[in-house]
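Each chain, letter by letter, is given below.
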Amino acid sequence: LHLADAGDDLFGRLVGAQDRLVTHQHAGDVGVPAGALDQGLDLAIVFDSTGSMQGLLDHVKANMTEITRSMTRLIPSFRLAMITYRDTNPFGPVTYLVRKVDFSPSPFRSLIWLDSVGASGGSGEHAAVCLGLDAAVDEIAWRPEAARVVLLIGDAPPHSHRLRHIQKAVERFAAQGGTIHCL
């Protein structure tokens, strides 16, 4: 499955949900986690913003307002955080390795932040996935009662020497009731 196709499917399900009244019986049909309608949903989108991701980043920017409107209609206590990561660059300086916007009462705050993100740098071989995932698991303000979901989006694998660290972060997040999905 091509990455853009996977993104289109996810965005399509979320955007399409805006035209339906979501009840407890079919909330899962549009990807709403169990308990989210009652307890809220905290969604952290963690994405690679190296140069090779420009096309997908443009696609996300074009669709996130509609997705966010749909999600706030489906789940009134929906919150959105965003984290982006890059990688060290052997050819020059890196503007940042990780940037983030934490959860806030208005998920639309994240969209304003998203507009400031551009894709640049990276060698195309690996990315600092570990740093982005660490920021999601340990550095943002998750609500204890809400469904917790991380959507990790990238086109490059993590550095092989960081795989065990990533596994521990995933296990730690799962122990806290969180779920991680990758595109």
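Novice: I keep staring at the packing of helix α5 (residues 129-138) against helix α6 (residues 163-175) and nothing clicks. Help me out?
Specialist: Geometrically, a packed helix pair is captured by the angle between its two axes and the distance between the axes. α6 packs onto α5 with a crossing angle of 20 degrees between their chain directions and a minimal axis gap of 10 Å. The pairing of α5 with α6 is recorded here as roughly parallel in orientation. α6 is crossed by α5, and the crossing has left-handed handedness. Judged by residue contacts, V129, C130, L133, D134, V137 and D138 of α5 engage H165, I166, A169, V170, R172 and F173 from α6.

Novice: Could you clarify how one ought to interpret empty space enclosed by the protein in this entry?
Specialist: Over the atoms rolls a probe the size of a water molecule, and in doing so it shows where empty space is left. For the structure on display, the rule yields 1 cavity of 30 Å³ or more. Lining the largest cavity, in full, are F47, D48, M53, L56, L57, V60 and I153. Where the lining of the largest cavity is concerned, the elements lending two or more residues are β1 (41-48) and α3 (54-74). Across the lining of the largest cavity, the residue classes tally to 6 nonpolar, no polar and 1 charged.

Novice: Quick question: what am I supposed to make of a nonpolar patch on the surface here?
Specialist: Together, V94, L97 and L131 line one region of the surface with nonpolar side chains, adding up to about 190 Å² of accessible area. Along the chain, V94 falls in the loop between β2 (78-85) and β3 (98-101).

Novice: Would you mind showing me how to read the packing of aromatic side chains here?
Specialist: What describes a pair of aromatic rings is the distance from one ring centre to the other and the angle between the planes of the rings. The full count for this structure, using the stated rule, is 3 aromatic pairs. With 6.4 Å between their ring centres and 70 degrees between their planes, F47 and W113 make a pair best called edge-to-face. One end of the pair, F47, is in strand β1; the other, W113, is in helix α4 (residues 108-115), and 66 residues separate them in sequence. Since its relative accessible area comes to 6%, F47 is described here as buried. With a centroid separation of 5.1 Å and an interplanar angle of 55 degrees, the aromatic rings of W142 and F173 are classed as tilted. Here W142, found in the loop between α5 and β4 (147-153), pairs with F173, found in helix α6; they are 31 residues apart in sequence, far enough to count as distant. On the basis of relative accessible area, F173 is assigned to the buried category, the value being 0%.

Novice: Is there a simple way to explain the packing of α3 against α4 in this structure?
Specialist: At a minimum axis distance of 10 Å, the contact between α3 and α4 shows a crossing angle of 170 degrees. With respect to each other, α3 and α4 are oriented roughly antiparallel. Together, L57, V60, K61, M64, T65, T68, R69 and T72 of α3 and F108, L111, L114 and D115 of α4 make up the contact between the two elements. Of the residues in the contact of α3 with α4, the class split is 6 nonpolar, 3 polar and 3 charged.

Novice: Looking at this structure, I do not really get the side chain of S110. What am I missing?
Specialist: Counting through the fold element by element, S110 comes out in helix α4. On the basis of relative accessibility, which here comes to 0%, the residue S110 falls in the buried class. Once you skip the residues sitting within four places of it in the chain, S110 turns out to touch L80, A81, M82 and V101.

Thresholds, definitions, all that
- Residues numbered from 1 in each chain as written.
- Predicted model: local features only at pLDDT ≥ 70, side-chain atom pairs only at ≥ 80, totals over all residues.
- Heavy atoms only, no water.
- Axes fitted to C-alpha atoms, helices over the stretch in contact; angles between N-to-C directions.
- Helix = DSSP H or I, 4+ residues; strand = E, 2+ residues; numbered from the N terminus.
- Parallel < 35°, antiparallel > 145°, perpendicular 65-115°, else oblique.
- Left-handed = near helix turned anticlockwise from the far one by under 90°.
- Contact = heavy atoms within 4.5 Å.
- 1 Å grid on protein atoms, 1.4 Å probe; cavity = no way out; pocket = protein on both sides within 12 Å on 5 of 7 lines; lining within 4 Å.
- Points joined across faces, edges and corners; volume = space filled by probe spheres on them.
- Nonpolar A, V, L, I, M, F, W, Y, C, P; charged D, E, K, R; others polar.
- Patch = residues over 30% accessible without salt bridge, like charges linked within 9 Å, V, L, I, M, F, W, Y side chains within 5 Å.
- Areas by Shrake-Rupley, 256 points an atom, 1.4 Å probe, with all protein chains shown as cover.
- Salt bridge = Lys/Arg side-chain N within 4 Å of Asp/Glu carboxyl O.
- Phe/Tyr/Trp six-rings, centres within 6.5 Å; stacked < 30°, edge-to-face > 60°.
- Buried < 20%, exposed > 50% of the residue type's maximum accessible area, 1.4 Å probe, protein only.

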